[in-house]
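# Coordinate analysis (summary)
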Amino acid sequence: MQRSGLKPDDATLVIVLSACANLGALDFGRWVHSHIDGTGLEQIVSVSNSLIDMYAKCGEIDRAFRVFDGMSERNVVSWNAMILGFAVHGYADNALELFSRMREWKSLVPNDVTFLGVLCACSHRGLVQEGRQYFDSMRLDYNIRPTIKHYGCMVDLLGRAGLVEDAYELIRSMPMECNAIVWRTFLGACRNHGNVRLGEQVRRHLLELEPNHSGDYVLLSNIYASAGRWNDAIEVREAIRRRGVEKPEPGNSLIDVHPATGPYLQMNG
């Protein structure tokens, strides 16, 4: 496009920055940002929102906040992108403080994405009481119906805090069918807190949803091992072989060592 002499507009930049965010292509995203500066396009809210999202997903939280802080106009997407960025990277206090600032603007109404970031922040920070209050607030104060993702955040929050019985009751009260991701999150909490009884129940649910997921067998085996039930742990491991469950292939990572002078280094593991 550049070689043809056409100048990118705001829609072009939003798409390119989204690609950078999804790929983790920070250096290219920085180059796009440098191309934007001084053109006036940086004043367009959607472009700034894409920059915030790109920097946040690439781990450059300070750069993301500098873009956010420098915006003369923001919409709910701007606040959501920054709150989620803070929350996902463990800056829970910053995320919750930003949410408090957002609520001071009467013209802005938090939506379901906002509360995903808030609940994620509470989970990372271990703020059980606050998380429960926010979960209730989204329904009572903003008439937002929680999705499976919101319930998943609450299960994660309660599970991390060791409140596995409460997490299980929450799952049972969900108005929708629980998916494998939430059950697996809960199974991890059962492993971390040594709850064999609930771990076995969760495993039965997972067998119905994804019977050949090797990670579930490993988690249950570890629960038995932590409780000293070695025969049960061995039986679960042998069940992997009997049922022909295949372990996932090792993941691949790309580490950008010298982007200006050298290639990407691919590592397995």
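Residues numbered from 1 in each chain as written. Predicted model: local features only at pLDDT ≥ 70, side-chain atom pairs only at ≥ 80, totals over all residues. Heavy atoms only, no water.

### Structural notes on the nonpolar core
Ranked by size, the top nonpolar core spans 82 residues in total, and within it Ile36, Ile52, Met54, Met82, Ile171, Trp183 and Phe186 carry the most contacts. Apart from residues no more than four positions distant in its own chain, Ile171 is found in contact with Val155, Cys178, Val182, Trp183 and Phe186. (Core = buried A, V, L, I, M, F, W, Y, C linked by side-chain atoms within 4.5 Å. Buried < 20%, exposed > 50% of the residue type's maximum accessible area, 1.4 Å probe, protein only. Contact = heavy atoms within 4.5 Å.)

### Considering the packing of helix H10 (residues 164–173) against helix H12 (residues 196–209)
Interhelical geometry of H10 versus H12 gives an angle of 30° and a closest axis separation of 11 Å. The angle between the axes of H10 and H12 places the two elements in the roughly parallel class. The handedness of the crossing between H10 and H12 comes out as left-handed. Here Val164, Glu165 and Tyr168 of H10 lie close against H12, whose contacting residues are Arg197, Leu198, Gln201 and His205. (Axes fitted to C-alpha atoms, helices over the stretch in contact; angles between N-to-C directions. Helix = DSSP H or I, 4+ residues; strand = E, 2+ residues; numbered from the N terminus. Parallel < 35°, antiparallel > 145°, perpendicular 65-115°, else oblique. Left-handed = near helix turned anticlockwise from the far one by under 90°.)

### As for helix H2 (residues 26–36)
Turning to H2, its buried residues are Leu26, Gly29, Val32, His33 and Ile36. One face of H2 carries all of its buried residues, which in axial projection span an arc of 115°. In this structure, the buried residues of H2 make contact with helix H1 (10–23), helix H3 (45–57) and helix H4 (61–69). Following H2 by one or two positions, Gly38 adopts a phi angle in the positive range, close to 85°. (Arc of directions from axis to C-beta.)

### Details of the packing of helix H7 (residues 112–125) against helix H9 (residues 148–160)
How two helices pack is summed up by the angle between their axes together with the distance between the axes. Closest axis-to-axis distance for the H7/H9 pair is 9 Å, and the angle between their directions is 10°. Comparing the axis directions of H7 and H9 gives the class roughly parallel. Contacts between H7 and H9 involve Asp112, Phe115, Leu116, Leu119, Cys120, Cys122, Ser123 and His124 from the former and Lys149, His150, Cys153, Met154, Asp156, Leu157 and Arg160 from the latter. Of the residues contributing to the contact of H7 with H9, the split by class is eight nonpolar, three polar and four charged. (Nonpolar A, V, L, I, M, F, W, Y, C, P; charged D, E, K, R; others polar.)

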